[in-house]
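Descriptive analysis of the structure
The lines below spell out each chain.
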Amino acid sequence: MSLPRGHAIERGEIPPFAATYAPPDEAIAARLLAEAPRAADAERRIDARAARLVEAIRARAGGLGGVEDFLREYSLSTKEGLALMVLAEALLRVPDAATADRLVEDKLAAADWSHHDVQSTAFLVSASAWALGVGARIIHPGETPEHILTSLAKRLGLPALRAATRQAMRLLGSHFVLGETIEQALARAAAHGEFRYSFDMLGEAARTAADAERYFGAYATAIDAIGAHAADRRSADRPGISVKLSALHPRFEPISRSRVLAELGPKLLALARRAKARDLQFTIDAEEADRLELSLELIGLVLADPSLAGWSGFGLAVQAYQKRAPAVIDWVIAAAQALDRRLTVRLVKGAYWDSEIKRAQERGLADYPVFTRKAMTDLCYMDCMRRLIAARPQVFPQFATHNALTVASVIEEAGGVEGYEFQRLHGMGEALYETLLAEETGAACRVYAPVGSHRDLLAYLVRRLLENGANSSFVSVAADPRVPIESILQRPRSRIADAKAARHPHIPLPADLYAPVCRNSPGIELGDRAAVRALLAEITAQAPKDPTAQPLVDGVALEGRSRAVTSPIDGAAIGIVVEGDEAIAIAAMAAAAAGFPAWAATPRESRAAVLEQAADALEARRARLIALLQREAGKTLEDAIAEVREAADFCRYYACELRRALKPRPMPGPTGESNELTYRGRGAFVCISPWNFPLAIFLGQVSAALAAGNSVIAKPAEQTPLVAAEAVRLLHAAGVPPSALHLVPGNGRVGALLVEDPRTAGVAFTGSTETAANINRALAAKSGPLVPLISAGQRCSALRLLCVQEDVADAVLEMIEGAVFELEVGDPRELSTHIGPVIDAEAKTGLEQWVARMHGQGRVRFRWDRLPLPTAGTYVAPTIVELDRASDLREEVFGPVLHVVRWRADELDSLLEDIAASGYGLTLGIHSRIELTVARIIARLAVGNVYVNRNMIGAVVGTQPFGGSGLSGTGPKAGGPNYLPRFALEQTVAVNTAAIGGNASLLAEPE
Ligand SMILES: Cc1cc2nc3c(=O)[nH]c(=O)nc-3n(C[C@H](O)[C@H](O)[C@H](O)COP(=O)(O)OP(=O)(O)OC[C@H]3O[C@@H](n4cnc5c(N)ncnc54)[C@H](O)[C@@H]3O)c2cc1C
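Residues numbered from 1 in each chain as written. Predicted model: local features only at pLDDT ≥ 70, side-chain atom pairs only at ≥ 80, totals over all residues. Heavy atoms only, no water.

**Considering helix H29 (residues 721–734)**
Helix length check: H29, at 14 residues, gives a terminal C-alpha distance of 20 Å against a target of 20 Å (1.5 Å per residue), a fit within 8%. Most of H29 sits inside the fold, with 12 of its 14 residues counted as buried. Where H29 is concerned, the buried positions are Pro 721, Leu 722, Val 723, Ala 724, Ala 725, Glu 726, Ala 727, Val 728, Leu 730, Leu 731, His 732 and Ala 734. Looking one or two places after H29, you find Gly 735, whose phi comes out positive at around 120°. (Helix = DSSP H or I, 4+ residues; strand = E, 2+ residues; numbered from the N terminus. Expected span 1.5 Å × (residues − 1). Buried < 20%, exposed > 50% of the residue type's maximum accessible area, 1.4 Å probe, protein only.)

Structural data, given as structure tokens:
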């Protein structure tokens, strides 16, 4: 079958899902706490059952299937075995033997691991996970896996240790993975007839169409194999399959909604039909919160397909840690009623809690979509459970938990064990459920059984290790005999007690992340459709009609030569700019010089308050600014939102820095004298900014110069004067006196005139290396006082040159090409667009010429050609160019062109030499799990911003101060603690307080 785009499938009566994305915890807690408490005898029964189950778990704690044989084989103590597994986990993805050896040696060499910084966290987390979750009595406090490994290396020698590590890796895999193939898994499952099974194909989200196709094939084959195997099982016991939507589509994301519905819909339906034909359970796993609305829409479409009528095996997982969980349950019940068909619901607590919290903080959301206290998740689980129990048999509930208290509560609330099943993960909860099944005939438990090669194990394994080790996790405390059973049995209701206590006291709201110093700027979640719809409506309504940019001198708009500003999106004229000339530049400089004393004399606190006002105004006018950023600079919605946030962050950060870093400082000295270091403005500052961040960099420079007490003449990029004019008007409205801030749109000649003016007291510049050098020469040629140049060099941290180790290069490049192919290139105002136009025709031509040259040399590996590019507008097809050496890239290629060089494991040093020889040093990304390699690269390259094992864009003001070295800038870094003082003059005032004739304060000292 094929689904046309959008809603072509007959929807039945399934209502659309709508629920507030992140409602306040207190309101939810108040509702949940208001429910009638259970009767005392019910509570006693829960206590008794849960205590029995915990005791059974404790009697078995520390047992890891197969581990004993492994230990015997290598004559290892249990402790050494556990430490090896920690190492094994890190080895899972290493491409070649030499690197694997280096990783082993690296881990062994890091003897002072516990004092190490962030990079070791992952290792330590897994270590503590094993220590806490599995080996609580084996590894003693103070012992670390690396200490144990170091002595082990001495005892066994490295070769044996390596062999043992590989063996540990296999063991680790088999503990959490049922089989490397579906056949193996089925055979292993058959040996455990007391459990039902739901098989899951291991793997991470698909990045390419080929990945998605491979996963689709794996699911389809597995369904056939499971079906063949299950031929004679009675209905309730029949096995099932769990499906991850993100594995089936390379862009399973809210902004690609129509593609997802049109392309993934038919695939999901095909798998569901296959499962129906074999009468299997078919469950959609729950993934991240931002994908929930899209998942439910897709599921609704597929469910409503008439070919699935009469089948009661379709189900989905619902995460109780999400505040919307009860609404999702209600939606499923409504869907089941509408279709008159039984659906299954696997109620889980959720597997991505830590990343949900981080994502909400990074995005500056108004609130979290998940709870911040574990007890709230448990309370919500109970609420969802009651809804599901009440909806039987329309819904078949599946309670997925390893928590004995949760299990006992479910049985009590359900009044027995009929009409639902429990579920556990393979490798977890064995003792709990074996005990339960033995004591409750009729109870059923299904095992979620991952199937796949150990290569694909990593992401899944990390989740499990975290779960085993987290303090808040039941499996961790249940296995630890030091934790009294009474504390494990404490009810979530009494842990919360009061709705006011619904939030975790140490997890601030995203807005308060930097409190009390600064407020985090608000962002938006693109998976929150209501919020996106509201923002898009605001953007349409508030888009400026006929925006203009004119020289503004002392607040007066000056006339001059005007021209139309055109949009890179389609070449349309979107506004008018009047550009400055020599006379205007001179007038602006005179006005700035005249306006300087009054602004410099404005109290620091008033200047800070004005900048904070400006930040608020930026946020209030966000939609208007986004509209301009999109039209004038061709930004996607996501980039435009981020840019407004960054601009507001700059204003707030420099206001805070003004209070902190530019505060007068008393200096130590002899008695009878006061010494103070103070800061004051330098004079008229010229701020010259680029087009790639026409609001954020523009305002970053201007707000810093103003904060330090300078008057400012701002000269924006020729391509983006409209955004700049809007920003200047906004600053004036926020309280910056017109005499302190002047705008001169214009070309490089106008910039040069301003720089060369004898009254210029300083220049802040971000832009090309060539222009920075010109400014530098112009300043040096001037007579009179020397003035500072603060240059951030080019300001683009997007990946331009990828250096990839030869052993993995083909696989990595294939993955990147496949992923790039899936991107949408086009009008950035379309929500689904990933890549918009380059800034103007000149940039486009330059890039096209470069690509043509590379093509001529046979170096172009990939060109995006999925659809024809729009003919109007300045679009460039994403391209991958392969070079022989890093030093072959001498030019600034500023567009969607990725250059790749391969390097051999033994030539890292010469690669680093090549990179260093380029002279640029803005942003560097490193991906490695070997800390010594990371340290070596960082030590060799004096690059401004280094990102390890993460993306390398999106520097956050005050968190990742930004700016390069060498050809990439002078420093100090923008958005960092050393920036403002560079804009200020220092003054030391020493006052002889004894000048009146004596030292009164010394004489007044008591004896
Ligand atoms: C069969 C099965 C299938 C599963 N499928 C999925 C799935 O498709 N998608 C998915 O996301 N998860 C899934 N999980 C859930 C997940 O992987 C965990 O196993 C589960 O959440 C653990 O719950 P518990 O009751 O065993 O443990 P408990 O220890 O009682 O609870 C742990 C839960 O509390 C949450 N938590 C911890 N600290 C806090 C806090 N401060 N604030 C709020 N919450 C907190 C954790 O995130 C976790 O969800 C599945 C679990 C099972 C057993």
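Next comes the rest of the account.
**Focus on the packing of helix H25 (residues 604–620) against helix H28 (residues 696–707)**
Interaxial distance between H25 and H28 falls to 10 Å at its minimum, and their mutual angle equals 160°. Relative to H28, the element H25 is oriented roughly antiparallel. For H25 against H28, the interelement crossing comes out right-handed. Touching Arg 607, Leu 611 and Leu 618 of H25 are Leu 699, Ser 703, Leu 706 and Ala 707, all from H28. (Axes fitted to C-alpha atoms, helices over the stretch in contact; angles between N-to-C directions. Parallel < 35°, antiparallel > 145°, perpendicular 65-115°, else oblique. Left-handed = near helix turned anticlockwise from the far one by under 90°. Contact = heavy atoms within 4.5 Å.)

**Let's talk about helix H12 (residues 257–277)**
Its 21 residues place the ends of H12 29 Å apart at the C-alpha level, agreeing with the 30 Å of an ideal helix rising 1.5 Å per residue. Bending of H12 peaks at approximately 35° at the position of Leu 264, with proline Pro 266 no more than four residues after it. (Bend = angle between axes of the 7 residues up to and from the residue.)

**Quick notes on the environment of Ala 218**
Structurally, Ala 218 is set in helix H10 (residues 209–229). Through-space distance from the C-alpha of Ala 218 to that of Met 201 is 7.1 Å; in sequence the pair is 17 residues apart.

**Some points on the packing of aromatic side chains**
Per the counting criterion, the structure on display carries 15 aromatic pairs. Here the aromatic rings of Phe 399 and Phe 422 are separated by 6.5 Å at their centres, their planes lie at 55°, and the arrangement is tilted. Pair noted here: Phe 399 is in strand S6 (residues 395–400) and Phe 422 is in strand S7 (residues 421–425), with a separation of 23 residues, a long-range link. Phe 422 sits in the buried class, given a relative accessible area of 1%. Plain terms: the ring middles of Phe 422 and Tyr 433 are 5.7 Å apart, the flat faces sit at 45° to each other, and that makes the pair tilted. Placement of Phe 422 in strand S7 and of Tyr 433 in helix H18 (residues 430–439) is noted, with a sequence separation of 11 residues between them. Tyr 433 shares its class with Phe 422; the two are buried. (Phe/Tyr/Trp six-rings, centres within 6.5 Å; stacked < 30°, edge-to-face > 60°.)

**Focus on the sheet that holds S6**
Taken in spatial order, the 8 strands close into a barrel running S1-S2-S3-S4-S5-S6-S7-S8, and their pairing is parallel. Along the sheet, successive strands turn relative to each other by an average axial angle of 30°, direction set aside. This element, H18, spans S6, S7 and strand S8 (445–451) of the sheet and lies at about 155° to S7. (Pairing = 2+ DSSP bridges.)

**As for the confidence of the model for the protein**
In this model, the protein carries an average pLDDT of 89, and 89% of its residues clear a pLDDT of 70 or more. For the stretch residues 1–11, pLDDT sits under 50, and the model shows 27 contacts to residues farther than four places along the chain or on other chains. Contacts from residues 110–139, a stretch scored under 50 in pLDDT, to residues over four places away or in other chains number 62 contacts. (pLDDT = per-residue confidence, 0-100.)

**Description of the pattern of salt bridges**
Counted according to the given criterion, the structure contains 78 salt bridges. For Glu 882, the salt bridge is made with Arg 902, and the minimal N-O distance between the two is 2.5 Å. Here Glu 882 is found in strand S23 (residues 879–882), whereas its partner Arg 902 is found in strand S24 (residues 897–903), with 20 residues between them in sequence. Of the residues examined, Arg 902 reaches a relative accessible area of 26% and is grouped as partly exposed. The residue Glu 907 makes a salt bridge to Arg 904 at a minimum N-O spacing of 3.8 Å. Bridged by salt links that share partners, the residues Arg 31, Glu 35, Arg 38, Glu 43, Asp 47, Asp 330, Asp 383, Arg 386, Arg 387, Glu 413 and Arg 491 form one connected network. (Salt bridge = Lys/Arg side-chain N within 4 Å of Asp/Glu carboxyl O.)

**A short note on the pairing of S23**
Where burial is concerned, the two faces of S23 agree: the one with Thr 879 and Val 881 and the one with Ile 880 and Glu 882 are both buried. Pairing of strand S22 (residues 860–863) with S23, which is carried by 3 bridges, proceeds in the antiparallel orientation. Looking at S23, one finds that Phe 862 is bridged to Ile 880. Taken together, the 4 bridges between S23 and S24 define a ladder with parallel strand orientation. Note on S24: the bridge partner recorded for Val 881 is His 899.

**Structural notes on the pairing of strand S27 (residues 945–948)**
Of the two faces of S27, the one holding Asn 945 and Tyr 947 is buried and the one holding Val 946 and Val 948 is not buried anywhere. Where strand S26 (residues 923–926) meets S27, 4 bridges bridge the pair, whose relative direction is parallel. Pairing of Leu 924 across the sheet is with Val 946, part of S27. Regarding topology, helix H35 (residues 931–940) serves as the crossover connection from S26 to the parallel S27, and that connection is right-handed. (Right-handed = clockwise from strand over helix to strand, strands pointing away.)

**Re the nonpolar core**
Judged by nonpolar contacts, the single largest core of 118 residues is most densely connected at Phe 199, Phe 282, Phe 314, Leu 347, Phe 399 and Phe 422. A total of 10 residues in this core trace back to one element, the largest contributor, which is helix H16 (residues 374–390). When residues no more than four places from it in sequence are discounted, the contact partners of Phe 282 are Ile 223, Ile 241, Val 243, Leu 268, Leu 271, Ala 272, Ala 275, Trp 311, Gly 313, Phe 314 and Gly 315. Judged by nonpolar contacts, the second largest core, of 74 residues, contains Leu 628, Phe 650, Val 736 and Leu 741. (Core = buried A, V, L, I, M, F, W, Y, C linked by side-chain atoms within 4.5 Å.)

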